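# Descriptive analysis of the structure
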Amino acid sequence: MKTNGSAVWQGGLKDGKGAITTHSGALKEYPYGFAARFEGKPGTNPEELIGAAHAGCFTMALSMILGGAGLTAEHMQTTADVTLDQVPDGFSITKVHLTLKAKVPGATQEKFAELTAMAKAGCPVSKLLKAEITLDASLES
C-alpha cells in the first residue's frame, strides 16, 4: 500500500499560510499555520494529524490483534495526545500518550492489557515515531 498527502505554503513562518490535502480527499486544502500550531487558532497542525493517525493506526491494529485472540470489540475509542517540545536542535515530538476506552465482550483485564501492549508496540505509526509512547487502556463492562 502506498498513499500520499501534500502541503502548500505561502509567506514567512509566523505570517504565512498553508493548506494540507490528503490523497483520499478527507482533507482538501485544509488550512494550517503557525497560529493554529502554537496559538490555538482555527486550522490544523502536523502534531494533531499525527495524533489522529496514531490513534487510528493503534485502534485498527488492536482490532486485528483482538480478532487473532478470538475477541471482537463492541466499541473502542482512542485519543493520542502528542507532545511537541523544544529540544537543543529545534523542536521534536517527544511523547505520545494513547488513551483507550474499549468494550470487548469476553476479554479479561489481564488479556486486554497484553493485547493492547502488542498493538501499541506493533502499529506502524508507533514504529515510525521516535517518541516515548505510553498507554492507558480501560476495559468497560
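Relevant structure appears above.
Attention here is on the structure that accompanies the text. Keep in mind the model is a prediction, meaning the values are calculated, not measured. (Residues numbered from 1 in each chain as written. Predicted model: local features only at pLDDT ≥ 70, side-chain atom pairs only at ≥ 80, totals over all residues. Heavy atoms only, no water.)

Inspection of every chain in the model, using the stated rule, returns three aromatic pairs. Relative to phenylalanine 38, the ring of phenylalanine 34 has its centre 4.9 Å away and its plane inclined at 45°; by these criteria the two rings are tilted. Of the two residues, phenylalanine 34 and phenylalanine 38 are both situated in helix H1 (residues 34-38); the distance of four residues between them amounts to about one turn of the helix. A ring pair is formed by phenylalanine 38 and phenylalanine 91, whose centres lie 5.9 Å apart and whose planes are at 50°; its orientation type is tilted. Within this pair, whereas phenylalanine 38 is found in helix H1, its partner phenylalanine 91 is found in strand E5 (residues 90-103), the two being separated by 53 residues in sequence. The exposure class of phenylalanine 38 is partly exposed, given its relative accessible area of 38%. On the accessibility criterion, phenylalanine 91 (51% relative accessible area) is exposed. An aromatic cluster is present here, built from Phe34, Phe38 and Phe91 joined pairwise through their rings. (Phe/Tyr/Trp six-rings, centres within 6.5 Å; stacked < 30°, edge-to-face > 60°. Helix = DSSP H or I, 4+ residues; strand = E, 2+ residues; numbered from the N terminus. Buried < 20%, exposed > 50% of the residue type's maximum accessible area, 1.4 Å probe, protein only.)

This part takes up the environment of serine 6. Tracing the backbone through its elements, the reader meets serine 6 in strand E1 (residues 5-10). Residue classification places serine 6 among the partly exposed residues on the basis of a relative accessible area of 40%. Measuring from C-alpha to C-alpha, the distance between serine 6 and alanine 19 comes to 8.3 Å, with 13 residues separating the pair along the chain. Those residues in contact with serine 6, other than ones at most four positions away along the chain, are Ala19, Ile20 and Thr21. (Contact = heavy atoms within 4.5 Å.)

The next thing to look at is the sheet that holds strand E3 (residues 30-32). What holds strands together in a sheet is hydrogen bonding between their backbones, with the strands either parallel or antiparallel. The antiparallel open sheet is built from three strands, whose spatial order is E1-E2-E3. Across the chains shown, the open sheet's two edge strands, defined by having one partner strand only, are E1 and E3. Strand-to-strand, the axes of this sheet are offset by a mean angle of 30°, without reference to chain direction. Pairing between E1 and strand E2 (residues 17-22): six bridges, direction antiparallel. (Pairing = 2+ DSSP bridges. Axes fitted to C-alpha atoms, helices over the stretch in contact; angles between N-to-C directions.)

What is shown is where atoms sit, not what they do.
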